[in-house]
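Listed here are the chains, written in short residue letters.
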Amino acid sequence: MTGIAPATLLDPGVLARIGDLSLLARTVVDGFLHGLHRSMRIGSSFDFAEHRSYQPGDDLRRIDWRLFGRTDKYFLKTYEADTNADVLFVVDVSASMDYGSGPVTKFAYARFLAASLAWLAQRQGDRVGLATIGGDLVDVVPSSTRHLQLILHTLARTVPGGAGQLPRGLERVARFRGRSGVVVVISDCYEEPPVLEKTLGALRARGHDVVVFHILDPAERDLPWETAVTFEDAESGERLPLLPEELRPKYHALMAAHQQALRDGLARNRVDYVPVTTDQPLDAALHSYLDRRMLAARLR
């Protein structure tokens with residue numbers, strides 16, 4: 001890694017060569033924060049706010065040792081972006097997420113994003129948890145200040161597969177999710193927009209801040225093939241021969257309509273919608289998440 005600029009380490013193509021998910025998450029967040037402090041954002045998200053008393057489970061690295069020397073009591077520095085919220089990352093692990101036209105599949109990108117956001121959230125003092133959803137709930141890691149490594153281990157061993165049932169999984173998440181917090185959903189959003197709107201709106205109605213990262217492969221966005229191709233549904237196995245060149249205008253219109261329906265429906269329920277493609281650096285997604293967290297903190 002020596003000699004690689006931090007910004008380069010946000011490139012998913014470079015990240016795919018890092019086998020250790022913990023190293024990857026730390027590298028992404030360090031690179032992101034390095035860029036953040038070099039930009040105009042410095043002073044907006046990590047301004048010192050106040051001290052608060054140490055609570056069991058808090059990160060010992062955040063203790064203000066100089067203040068301890070004067071008071072003989074443990075205090076933590078808090079910053080504007082700190083909220084100590086419960087953050088649950090919900091990752092779609094259905095078979096359709098296993099598609100990739102380049103070096104990074106949608107699931108690999110979702111895993112990079114979830115790991116990096118969890119690392120960033122814990123660094124802000126939040127409690128982090130994980131739920132993976134395929135045909136139903138697959139794995140659940142309850143939110144805690146001590147569960148980051150368990151989350152990374154769970155993500156590292158997960159293999160996508162099966163037909164997606166994101167709404168049903170989200171309904172189960174809503175039932176076990178107790179106190180209000182932040183729910184970050186990472187999915188290719190194959191479901192009908194009204195169904196997702198209803199399910200995610202129910203989470204929002206329970207007092208959760210909800211952010212949806214819609215993961216797309218560039219080929220799903222562009223339909224770049226020039227010759228006849230037979231497509232196969234990754235979840236149903238259904239095969240469909242098509243002439244992409246003839247279909248492309250209609251496909252683009254349908255894809256745009258799908259995304260607009262998601263954007264409008266989720267906006268009606270005050271759910272943030274962030275579309276990303278797997279060739280995009282991760283910093284845009286991290287900025288979106290951090291902006292949302294800062295806004296939510298100010299509204300409380």
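S.K.: Please give an account of the overall build of the protein chain that cites residues and values.
M.R.: Along the protein chain, the regular secondary structure elements total 10 helices and 10 strands. Within the protein chain, the fraction of its 300 residues that count as buried is 48%. Pairs at least 24 apart in sequence give 73% of the contacts found in the protein chain among residues at least 6 apart.

S.K.: Help me get a handle on the pairing of strand β5 (residues 137-144), residues and values and all.
M.R.: Bridging between strand β4 (residues 127-133) and β5 involves five bridges; their strand directions are antiparallel. The residue bridging leucine 130 from the neighbouring strand is valine 141, located in β5.

S.K.: Help me get a handle on helix α4 (residues 106-123), residues and values and all.
M.R.: Along its 18 residues, α4 runs 26 Å from first to last C-alpha, staying within 8% of the 26 Å computed at 1.5 Å per residue. Extensive coverage of α4 is indicated by the burial of 17 of its 18 residues. With its phi angle positive at about 95°, glycine 125 sits one or two positions after the end of α4.

S.K.: Any details on the packing of aromatic side chains? Residues and values, ideally.
M.R.: Evaluation of the coordinates by the stated rule reveals four aromatic pairs. With a centroid separation of 5.7 Å and 80° between ring planes, the pair formed by tryptophan 65 and phenylalanine 68 is classed as edge-to-face. Note that tryptophan 65 and phenylalanine 68 are positioned in helix α3 (residues 65-71) at a spacing of three residues, about one turn of the helix. Note on tryptophan 65: relative accessible area 48%, which makes it partly exposed. Ring centres 4.8 Å apart and planes at 10° place the aromatic pair phenylalanine 68 and tyrosine 74 in the stacked group. The exposure class assigned to tyrosine 74 is partly exposed, which follows from its relative accessible area of 40%. In this structure an aromatic cluster arises from ring pairing among Trp65, Phe68 and Tyr74.

S.K.: So what's going on with the environment of proline 142? Residues and values would help.
M.R.: Tracing the backbone shows proline 142 in strand β5. Here proline 142 falls in the partly exposed class, since its relative accessible area comes to 48%. In the structure, proline 142 is positioned 15 residues away from arginine 127 in sequence and 9.0 Å away in space, judged by C-alpha atoms. Sequence-distant contacts of proline 142, defined by excluding residues within four places in its chain, comprise Val128, Gly129 and His147.

S.K.: Account for helix α6 (residues 166-176), naming residues and giving values.
M.R.: Of the positions making up α6, those classed as buried are Leu166, Pro167, Gly169, Leu170, Val173 and Ala174. Looking straight down α6, one finds that the buried residues subtend no more than 160° of arc, so they occupy a single side. Close packing links the buried residues of α6 with β3 (86-92), β4, β5, β6 (182-187) and α7 (193-205).

S.K.: Hey, could you go over the environment of leucine 67 for me, with residue numbers and the actual values?
M.R.: By the element assignment, leucine 67 lies in helix α3. Considered as a pair, leucine 67 and histidine 51 are 16 residues apart in the sequence and their alpha carbons are 9.5 Å apart. Setting aside anything within four residues of it in sequence, one finds leucine 67 in contact with His51, Asp72 and Phe75.

S.K.: How would you summarise the sheet that holds β3 if you had to cite specific residues and measurements?
M.R.: On the basis of which strands lie adjacent, the open sheet formed by six strands has the order β5-β4-β3-β6-β7-β10 and mixed pairing. Only two strands of the sheet have a single partner each, and these edge strands are β5 and β10 (272-277). Each neighbouring strand pair of the sheet contributes to a mean axis angle of 15°, computed without reference to strand direction. Note that β3 and β4 share seven bridges and pair parallel. Directly across from aspartate 92, in β4, lies its bridge partner isoleucine 133. Contacts from helix α5 (residues 148-157) reach β3, β4 and β5 within the one sheet, and its direction differs from that of β4 by about 20°. Packed onto the sheet, α7 meets β6 and β7 (209-216) and runs at close to 150° relative to β7.

S.K.: Quick one: what's the story with the nonpolar core, residue by residue and with numbers?
M.R.: By size, the foremost hydrophobic cluster in this structure holds 48 residues, and its most contacted members are Phe89, Val91, Leu113, Val184, Ile186 and Phe213. No other element matches α4, which puts 13 residues into this core. In this view, isoleucine 186 contacts Val90, Val91, Asp92, Met97, Ala110, Leu113, Ala114, Phe213 and Ile215; residues no more than four positions away in its chain are not counted. Membership of the second largest hydrophobic core comes to 21 residues, among which are Ala131, Leu137, Val185 and Val212.

S.K.: Please provide a residue-by-residue account of the pattern of salt bridges, values included.
M.R.: Where side chains of opposite charge bring their charged atoms close, a pairing between them can arise. This model, assessed by the stated rule, comprises nine salt bridges. In this structure, aspartate 188 engages lysine 106 in a salt bridge whose closest nitrogen and oxygen atoms are separated by 3.0 Å. In this pair, aspartate 188 sits in the loop between β6 and α7 while lysine 106 sits in helix α4, placing the two residues 82 residues apart along the sequence. You can call aspartate 188 buried: its relative accessible area is 3%. Assessed through its relative accessible area of 0%, lysine 106 is described here as buried. Between arginine 172 and aspartate 136 there is a salt bridge, with the nearest N and O atoms lying 3.2 Å from each other. Placement of arginine 172 in helix α6 and of aspartate 136 in the loop between β4 and β5 is noted, with a sequence separation of 36 residues between them. Overlapping salt bridges bring together Lys106, Asp188 and Glu220 as one network.

Conventions we followed
Residues numbered from 1 in each chain as written. Predicted model: local features only at pLDDT ≥ 70, side-chain atom pairs only at ≥ 80, totals over all residues. Heavy atoms only, no water. Helix = DSSP H or I, 4+ residues; strand = E, 2+ residues; numbered from the N terminus. Buried < 20%, exposed > 50% of the residue type's maximum accessible area, 1.4 Å probe, protein only. Contact = heavy atoms within 4.5 Å. Pairing = 2+ DSSP bridges. Expected span 1.5 Å × (residues − 1). Phe/Tyr/Trp six-rings, centres within 6.5 Å; stacked < 30°, edge-to-face > 60°. Arc of directions from axis to C-beta. Axes fitted to C-alpha atoms, helices over the stretch in contact; angles between N-to-C directions. Core = buried A, V, L, I, M, F, W, Y, C linked by side-chain atoms within 4.5 Å. Salt bridge = Lys/Arg side-chain N within 4 Å of Asp/Glu carboxyl O.

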